[in-house]
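# Structural features, examined
Here is how the chains run, residue by residue.
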Amino acid sequence: MSFLKKPSKFVFHKEIMVTGFLNIEPGDSYVTFKVKKLGILTVRGIVSGFDGQIYLDLQNMGNSFFNVCLTPVTIQTGISKRDEHLRSMEFFYVKKYPIICFKSSSVEKMNNLLRLKGTLQMLGTDIEVVIPMEYKDNIFKGAFSFNRKKYGLGKKYPGILVGNTIDITINCITTKK
């Protein structure tokens, strides 16, 4: 499942960046995740259904923002029974919480990266996160981790059964509006 690999290196390429609104290509954009199961196995999956707004202002990064969501009903791990369980009220509870959203509070250029600071909203819980992002050839790539217990994600499952740390990789393809 090579499509689930994390980006190997993050680079900020100012010469190809644009200023203005960017369209998200929902059919080509996705988030991958991995989490430990039973302490030794790694469960990998993908979530799609990307939508939202991205605005970049190269002259004043303080004007830039990301307000993006994805739909956990699209979750795929390669095992349909597991996918249905993840969509259930024990995990993502997609009937009550159909979207997961990130809304930036700041976008900064840090060394060779964009540093997105903002709120990740999942299962009715808002937690501040920082996401380092690469932008090259109209593609944003980033990676970060979060503690699933802080969101109540799979709260009845102890860390030995389902790891508490979820590793996320973002692949967001854009076009200029």
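Above this text sits the structure in question.
Counting restarts for each chain, with residues numbered from 1 along the sequence as it is written. This being a predicted model, a pLDDT of at least 70 is required before a residue's local features are given, and a value of 80 or more before pairs of side-chain atoms are given or counted; all residues contribute to the totals for chains, interfaces and linings. Calculation of side-chain values draws on the structure's entire complement of heavy atoms; hydrogens and water are dropped beforehand.

### Things to note about the nonpolar core
Residues Phe92, Leu120, Met122, Phe140, Phe146 and Ile170 are the most contacted members of the largest nonpolar core, which totals 42 residues. Two residues qualify as a contact provided that any one of their heavy atoms is within 4.5 Å of a heavy atom in the partner residue. Once you skip the residues sitting within four places of it in the chain, Phe146 turns out to touch Leu120, Met122, Tyr151, Leu153, Asn164, Thr165, Ile166 and Ile168. To define a nonpolar core, start from buried Ala, Val, Leu, Ile, Met, Phe, Trp, Tyr and Cys residues and group those joined through side-chain atoms within 4.5 Å. The cut-offs for exposure are 20% and 50% of the maximum accessible area for each residue type, with area from a 1.4 Å probe on protein chains only; residues under the lower value are buried, those over the upper are exposed, and the others partly exposed.

### Concerning the pairing of strand β8 (residues 125-136)
Should DSSP find at least two bridges between two strands, the strands are taken to pair. Helix and strand definitions here come from DSSP, where helices need a minimum of 4 consecutive H or I residues and strands a minimum of 2 consecutive E residues; each element is numbered from the N-terminal end. Relative to β8, strand β7 (residues 113-122) runs antiparallel, the two being bridged by 9 bridges. Each residue of the ladder has a partner; that of Thr119, found in β8, is Glu128. Between β7 and β8, which pair antiparallel and follow one another directly, the connecting turn spans 2 residues, one of which, Leu123, has a positive phi of 55°. Where β8 meets strand β9 (residues 139-147), 4 bridges bridge the pair, whose relative direction is antiparallel. Bridge assignment links Glu134 to a residue of β9, and that residue is Lys141.

Geometry only, nothing functional implied.
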